[in-house]
Amino acid sequence: MKKVKLEVKNITKRFGDLLAVNNVSFEVYEGETFTLLGPSGCGKTTTLRIIAGLEKPDKGRVFIGGRDVTDVPPRERNVCLVFQEYAVFPHMTVYDNIAFGLKARKEPEELIARRVREVAELLGLTSVLNTKASKVGLSEKQRIALGRCLVVEPEILLLDEPLTLADAKIRETMRRELRRLQRELKITMIYVTHDQLEAMMLSDRIAVMNAGRLLQVGTPREIYEKPKNLFVAYFIGSPTINLIEGKLVRKDGKLVLEKEGLVLDATKLLEEAKGVGKIIGREIVIGIRPEDIQIDPSGHGVWKGEVELFEVSGDQLIVHIKLAEETKIRAMAPFSLRLRTGDIVGVAINPDKVHVFDRKTGERIDLLSIGEA
Ligand SMILES: Nc1ncnc2c1ncn2[C@@H]1O[C@H](COP(=O)(O)OP(=O)(O)O)[C@@H](O)[C@H]1O
Ligand SMILES: [Mg+2]
């Protein structure tokens, strides 16, 4: 059994008319990295500040290690928050910055010195301990802010978009370092980011938020493979998932998606799926990730289409294919695939990789779990 370290129960927070956090509940296990992921303004920081005790929820409770801390002041919660703008004192040395929390607690000098040195070692700051914080680089500042938290050994480390200000290369290194550190120290960490790739790389579990609501909690794999609704499907994955909408109908022995007079044959995608009978006549959205589509230059596959455009993405190509006037999809292809715009190609898709959503509610429809009577 995993031990629950933090429980957030039905948290609601308003700022005037704005519902910043709307009835959010989740649990974080001891030693895991749990990420709040969502677009800017969705309520991540507010949720984190409520956990830290810097903000009081209008409704709901927060439990840390089983204790109800909703009315406990921040400094008695034993959590530490690293902000987006690192609060580093520029005129103090790196040593004094890291030692800050322990000095405030009036810990003995030898203990402070030992802990600061341990943390500096861990974060690669030993060589700059006597340097003024204003003189070090961004990556060091980031680590100082982290060090100031680690040194007081909080029960939970809260990180609010700590990498957003760094450039791409530093982010990559810091991401790896954070993961290593978290594993090494087995800290319980709540990480906030709007960057889905970062969340996928760092997290044991992710909570996807939008407009104050928590939409789905799961491992990166669960969220990628079984998005609970259209928002999660679209937010996770790069390039974004292809979405094709229409009313699913049977026509001349075929299963087709109909929309404004346009018809797309979906027989090969859906006919084998158990439970498909239950969604006939319904407005649905089909989701297919670009990486789940294979291009067949000889024209075989579920559909045929015309190559419209390429984009280079690392060692892959993102190929835009026009299936019909209004229906275009993107597929990933190896760089070595020789294609030209205007080529007619086949599009092969494994039916198991097709996601189906209800168009009105946006909720995922699990065809296998519906089960045809
Ligand atoms: N102190 C505040 N007063 C008024 N509105 C706020 C305050 N803090 C946050 N908000 C609003 O609440 C919403 C959620 O904000 P926030 O939690 O910071 O989102 P995120 O961190 O996901 O970007 C936003 O619309 C934001 O403008
Ligand atoms: Mg924020």
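Residues numbered from 1 in each chain as written. Chains lettered and ligands numbered in written order. Predicted model: local features only at pLDDT ≥ 70, side-chain atom pairs only at ≥ 80, totals over all residues. Heavy atoms only, no water.

So, about the site of ligand 1. Around ligand 1, the structure places Phe15, Leu18, Ala20, Pro39, Ser40, Gly41, Cys42, Gly43, Lys44, Thr45 and Thr46. Cys42 is positioned with one of its backbone polar atoms (N or O) 3.2 Å from an oxygen atom of ligand 1. Gly43 is positioned with one of its backbone polar atoms (N or O) 3.1 Å from an oxygen atom of ligand 1. Starting from 560 Å² of accessible surface for ligand 1 in isolation, the protein chains cover 59%. Of all the secondary-structure elements, those providing two or more residues to the shell around ligand 1 are strand E2 (18–29) and helix H1 (44–52). Top contributing element to the shell around ligand 1 by residue count: H1, with 3 residues. Tallied by class, residues from the shell around ligand 1 come to 5 nonpolar, 5 polar and 1 charged. (Near = heavy atom within 4 Å. Polar contact = N/O pair within 3.5 Å; in protein donor to acceptor, adjacent residues only side chain to side chain. Areas by Shrake-Rupley, 256 points an atom, 1.4 Å probe, with all protein chains shown as cover. Helix = DSSP H or I, 4+ residues; strand = E, 2+ residues; numbered from the N terminus. Nonpolar A, V, L, I, M, F, W, Y, C, P; charged D, E, K, R; others polar.)

Once that is clear, we can look at the side chain of Asp160. By the element assignment, Asp160 lies in strand E7 (residues 156–160). Buried charge Asp160 goes without a salt bridge, the closest partner of opposite sign being Lys44 at 6.9 Å. Within the structure, Asp160 has its side chain in polar contact with the side chain of Thr45 (distance 2.8 Å). (Buried < 20%, exposed > 50% of the residue type's maximum accessible area, 1.4 Å probe, protein only. Lys, Arg positive; Asp, Glu negative; His and termini not counted. Salt bridge = Lys/Arg side-chain N within 4 Å of Asp/Glu carboxyl O.)

On to the sheet that holds strand E20 (residues 355–358), then. Read from one edge to the other, the open sheet built from 5 strands follows the order E13-E12-E11-E14-E20, with strand pairing classed as antiparallel. Each end of this open sheet is capped by a strand with a single partner; those strands are strand E13 (262–265) and E20. Across the sheet, the axes of successive neighbouring strands diverge by a mean angle of 45 degrees, strand direction being ignored. Sheet topology places strand E11 (residues 242–251) next to strand E14 (residues 283–288); 6 bridges connect them, and they run antiparallel. Residue pairing across strands places Glu245 opposite Val285, the latter belonging to E14. (Pairing = 2+ DSSP bridges. Axes fitted to C-alpha atoms, helices over the stretch in contact; angles between N-to-C directions.)

With respect to the helices and strands, the residue Thr240 is situated in the loop between helix H8 (230–235) and E11. Judged by its relative accessible area of 23%, Thr240 is partly exposed.

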